[in-house]
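Residue-level structure breakdown
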Amino acid sequence: MMRAMSITTAALAAHLALAAGGCKSHAKPTPVESPRAAAMVQKVDRVTLGNGLMIEDLKVGEGDVCLPGAHVRVKYTGMVQGASRPFDTSGAAVREIDLGGNLIRGWTEGLPGMRAGGTRRLTIPPELGYGSREVKDMDGAVVVPAGSTLVYVVDLVGVGDR
């Protein structure tokens, strides 16, 4: 049953990718040198949309499918690509978010198709994140420089139920 869910998620991602202007598939796993190392590598379903958004399913959930504009419950960590510390995280708390609300496009385009119980990594190009704007913390320190690529790891806890 897990295989069918993965194919369904991949098919939805491909459909979204075509609607966004095409995609590049990254279905082949990275080669490893030894059988022991191969056994430790987790398969990751990955697709890059035509707009540069990379969607990687680290764990495919078994729950409800997230649709565009859905109300979701998530845990997440956001980092600037190449940084050593997160600039944003929900920690252990579950956050409720409307995908039709005031979010960066990387989230509104990257979560649909995901199943509750899953974990997804979104690599978000600047145009789908904060673009040429910098993001500052409460003390005024820049936490996201202008033009940054963002990497979010999102656990989809649930879909719906406001």
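As a reminder, the structure under discussion sits directly above these lines.
Here goes a summary of the coordinates provided.

Conventions adopted
Residues numbered from 1 in each chain as written. Predicted model: local features only at pLDDT ≥ 70, side-chain atom pairs only at ≥ 80, totals over all residues. Heavy atoms only, no water. 1 Å grid on protein atoms, 1.4 Å probe; cavity = no way out; pocket = protein on both sides within 12 Å on 5 of 7 lines; lining within 4 Å. Points joined across faces, edges and corners; volume = space filled by probe spheres on them. Helix = DSSP H or I, 4+ residues; strand = E, 2+ residues; numbered from the N terminus. Nonpolar A, V, L, I, M, F, W, Y, C, P; charged D, E, K, R; others polar. Polar contact = N/O pair within 3.5 Å; in protein donor to acceptor, adjacent residues only side chain to side chain. Salt bridge = Lys/Arg side-chain N within 4 Å of Asp/Glu carboxyl O. Buried < 20%, exposed > 50% of the residue type's maximum accessible area, 1.4 Å probe, protein only. Contact = heavy atoms within 4.5 Å. Core = buried A, V, L, I, M, F, W, Y, C linked by side-chain atoms within 4.5 Å.

So, the layout of surface pockets
- Considered as a void within the structure, the second largest pocket measures approximately 230 Å³ in volume.
- Elements represented by at least two residues in the lining of the second largest pocket include exactly β6 (95-98) and α3 (105-110).
- If you tally residues by element for the lining of the second largest pocket, the top one is β6, at three residues.
- A per-class count over the lining of the second largest pocket returns seven nonpolar, two polar and five charged.

Re empty space enclosed by the protein
- The final tally for this structure, using the stated rule, is one cavity of 30 Å³ or more.
- One number sums up the size of the largest cavity: a volume of about 30 Å³.
- Lining the largest cavity are 10 residues, with D57, K59, V60, G61 and R115 sitting closest to its centre.
- Put simply, the parts of the chain that give the lining of the largest cavity at least two residues each are β3 (54-59) and β7 (119-124).
- Looking at the lining of the largest cavity residue by residue, the class counts come to two nonpolar, four polar and four charged.

Describing the side chain of H71
- Take H71: it is sitting in strand β4 (residues 71-80).
- In this structure the side chain of H71 is engaged in a polar contact, spanning 2.8 Å, whose partner is the side chain of D98.

Here's the deal with the pattern of salt bridges
- One pass over the full model with this rule turns up five salt bridges.
- A salt bridge links E56 to R121, with the nearest nitrogen and oxygen atoms 2.8 Å apart. Residue E56 is found in strand β3, and its partner R121 is found in strand β7; the two are separated by 65 residues along the sequence.
- Assessed through its relative accessible area of 6%, E56 is described here as buried.
- R121 sits in the partly exposed class, given a relative accessible area of 26%.
- Between D57 and R120 there is a salt bridge, with the nearest N and O atoms lying 2.7 Å from each other.

As for the environment of V153
- Mapped onto the fold, V153 is located in strand β10 (residues 150-159).
- A relative accessible area of 30% means that V153 is categorised as partly exposed.
- C-alpha separation for the pair V153 and L58, spaced 95 residues apart in sequence, amounts to 9.0 Å.
- Not counting residues within four places of it along the chain, the set of residues in contact with V153 comprises L58, K75, Y76, T77, T119, R120 and R121.

With respect to the nonpolar core
- Ranked by size, the top nonpolar core spans 27 residues in total, and within it W107, I124 and Y152 carry the most contacts.
- For this core, the elements supplying multiple residues, two or more each, are β2 (45-49), β4, β7 and β10.
- Tallying contributions element by element places β10 first for this core, with five residues.
- In contact with I124, not counting residues within four places along its chain, are L53, I104, G106, W107, G129, S148, T149, L150 and Y152.

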